[in-house]
Every structure is written in C-alpha cells, then in structure tokens.
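Overview (structure and organization)
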Amino acid sequence: QQGLISFPFSIRLPSWENSHADMALSERHSRCDASECLCPGGREQAEEEGPWHLLLCCSCAAEGTHRRCSCLTNSTASWECDSCAGLGTGKRQSTRVPLGWGQGPGKACQ
C-alpha cells in the first residue's frame, strides 16, 4: 500500500478575484448617455422592451441609450455610440432618420 502525501495549501480565491476593481468591470452599463434623456423615469430607468429599453453600444458597451432618446424604433436591436461609429458617419442604427445628417442622440425625431 502506498502512503498518502499531503501538501500544505489553503483553498482561497486568487487575489485578483477578490479585487473591488474587478467588480466594476463585471457590472453592466445601466444608464442612458443621450445628450438629452427623454425618459420620465430618468437616465437610470430601463425596461425590458419598448421605447425605454436601454441599448448598449454594440461595439464597446460603454455607452447606452433609450430607444426613444436616440430616435430608434422598437424593432431596432442594435445601436453604436458616436465614439465607435464616428460622429457624422451615419453608422448608427436607426430605421427612422439616418443619423449623420445633422441629427445626433437626444435630438427630436422627425
């Protein structure tokens, strides 16, 4: 019969797993960053669907907008912030008015 060998070690998470800084990285962006938020509940309110559904930038996820605040229809599934799309490039997703024709987020829809 072979003898058991024991190794002294402790069972604990690595130091980087306990970091408060990592908690911020794992949190999802949860506010409307449109220049003028139109939501009656404010920038922090978000609904599962409809005009107050919060879409995050499909490229960076660091900015968000309510559908209505950026003139997006309820069927719009993706959106790209000005930083990623490039202001005035027309790459932002909208089915109503192509952005890049003088209309940015938070301005009145036509």
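**Notes on the side chain of Thr76**
Mapped onto the secondary structure, Thr76 falls in the loop between strand E2 (64-66) and helix H2 (82-85). Within polar-contact distance, the side chain of Thr76 engages the side chain of Thr73 at 3.0 Å.

**Comments concerning the environment of Leu38**
Of note, Leu38 is situated in the loop between helix H1 (20-26) and strand E1 (54-56). Taking C-alpha positions, Leu38 is 9.4 Å from Ser70, a pair spaced 32 residues apart along the chain. Not counting the four nearest positions on each side in its chain, Leu38 is found in contact with Trp52, Arg68 and Cys69.

**Some remarks on unusual backbone geometry**
Unusually for a residue other than glycine, Ala61 sits at a positive phi of about 60 degrees. By the element assignment, Ala61 lies in the loop between E1 and E2. For Ala61, a relative accessible area of 37% corresponds to the partly exposed category. The phi angle at Cys71 is positive, at roughly 60 degrees, despite the residue not being glycine. By secondary structure assignment, the location of Cys71 is in the loop between E2 and H2. For Cys71, a relative accessible area of 3% gives the class buried.

About the thresholds
- Residues numbered from 1 in each chain as written.
- Predicted model: local features only at pLDDT ≥ 70, side-chain atom pairs only at ≥ 80, totals over all residues.
- Heavy atoms only, no water.
- Helix = DSSP H or I, 4+ residues; strand = E, 2+ residues; numbered from the N terminus.
- Polar contact = N/O pair within 3.5 Å; in protein donor to acceptor, adjacent residues only side chain to side chain.
- Contact = heavy atoms within 4.5 Å.
- Buried < 20%, exposed > 50% of the residue type's maximum accessible area, 1.4 Å probe, protein only.

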